[in-house]
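# Structural characterization, general
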Amino acid sequence: MEAALKKLQQLFENNRRWVEKVTQEDPEFFKRLSRQQKPEILWIGCSDSRVPANQIVGLPPGEVFVHRNVGNLVVHSDLNCLAVLQFSVEVLKVKHIIVCGHYRCGAIAGALSQARLGMIENWIGHIADVREKYSAYIDSEPDSVERENRLSELNVVEQVINVCSTSVVKDAWERGAPLAVHGWIYDVADGLLRDLNCCVTSRSEVQALQPVPR
Ligand SMILES: [Zn+2]
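Residues numbered from 1 in each chain as written. Predicted model: local features only at pLDDT ≥ 70, side-chain atom pairs only at ≥ 80, totals over all residues.

### Let's talk about the nonpolar core
What counts, and what does not: Nonpolar cores are identified as sets of buried Ala, Val, Leu, Ile, Met, Phe, Trp, Tyr and Cys residues joined via C-beta atoms within 7 Å. Labels follow a simple rule on C-beta atoms placed from the backbone: if 20 or more others lie within 10 Å of a residue's own, it is buried; if 12 or fewer, it is exposed; otherwise it is partly exposed. Elements are defined by DSSP. Helices are runs of H or I of four residues or more, strands are runs of E of two residues or more, and each kind is numbered from the N terminus. The contact rule is simple: place each C-beta atom from the backbone, and if two of them lie within 7 Å, those residues are in contact.
By size, the foremost hydrophobic cluster in this structure holds 45 residues, and its most contacted members are Trp43, Ile97, Ile98, Val99, Val160 and Val163. Per element, the largest residue contribution to this core is 7 residues, and it comes from helix α9 (residues 144-164). Among all residues touching Ile97, those that are not within four sequence positions of it are Leu42, Ile44, Val163, Val181 and His182.

### With respect to the domain arrangement of the chain
Selection criterion: Where each domain starts and ends follows an automatic or database-derived domain assignment.
Here the domain parsing of the chain yields domain 1 (1-35) and domain 2 (37-208). Taking only C-alpha atoms into account, the centre of domain 1 sits 30 Å from that of domain 2.

### Some thoughts on unusual backbone geometry
A positive phi angle, close to 45 degrees, is found at Leu8, a residue other than glycine. Residue placement: Leu8 occurs in the loop between α1 (2-7) and α2 (9-25). A positive phi is found at Arg104, a non-glycine position, where the angle reads about 60 degrees. Take Arg104: it is sitting in the loop between β3 (96-102) and α6 (106-112).

### What about the pairing of β3?
Walk down a regular strand and you will see the side chains alternate between the two sheet faces. We apply this condition: The pairing criterion for strands is at least two bridges between them, as found by DSSP.
Among the 7 residues in β3, 6 count as buried, and that is most of the element. Note that β3 and strand β4 (residues 180-186) share 7 bridges and pair parallel. Along β4, the bridge assignment pairs Val99 with Gly183.

Pasting the structure below:
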């Protein structure tokens with residue numbers, strides 16, 4: 001039992017099979033990737049195991065720079081997220097930043113419930129703030145699953161706004177870099193992505209963003 005815990009043998013076997021398959025289809029694949037990465041996309045998504053960035057958009061290694069945390073949050077004091085943003089925008093020069101939330105998100109359900117959840121309450125408190133901001137809209141929804149869905153969507157739009165108000169993104173737009181910030185949502189129940197149509201490509205568009213009537 002202990003040996004199995006330490007080794008995870010199956011994963012190494014999976015890895016070797018994957019390398020064989022990729023190399024068969026494209027013998028230069030790993031050689032090419034080892035030279036540099038040139039992704040055009042930064043993905044900011046939830047840590048949820050059902051929402052793996054590359055897989056759901058069908059892109060191979062090298063195409064997506066990824067940052068994931070519980071609830072796909074962009075918090076202005078989160079050095080980890082800011083470092084990812086700065087590196088991807090200023091060094092990798094990504095053209096797209098995708099904030100992707102998902103339905104049936106535990107963080108969203110947690111923020112909507114009054115339950116005590118321990119330390120993580122301090123993190124998903126950022127989602128509770130979104131819920132507070134749009135409480136009239138969310139509370140007007142009688143169905144509890146729909147209430148969660150609306151909060152999942154609004155949380156994405158709010159994180160798009162947060163991305164746009166970082167110094168990194170403002171500076172990029174100021175120097176004329178082509179950079180679009182997208183808000184998407186993924187449904188773990190059908191595997192489909194939906195565009196929330198809140199794409200922003202300049203500072204003036206951020207101000208015009210009005211997710212729902214308040
Ligand atoms: Zn989630």
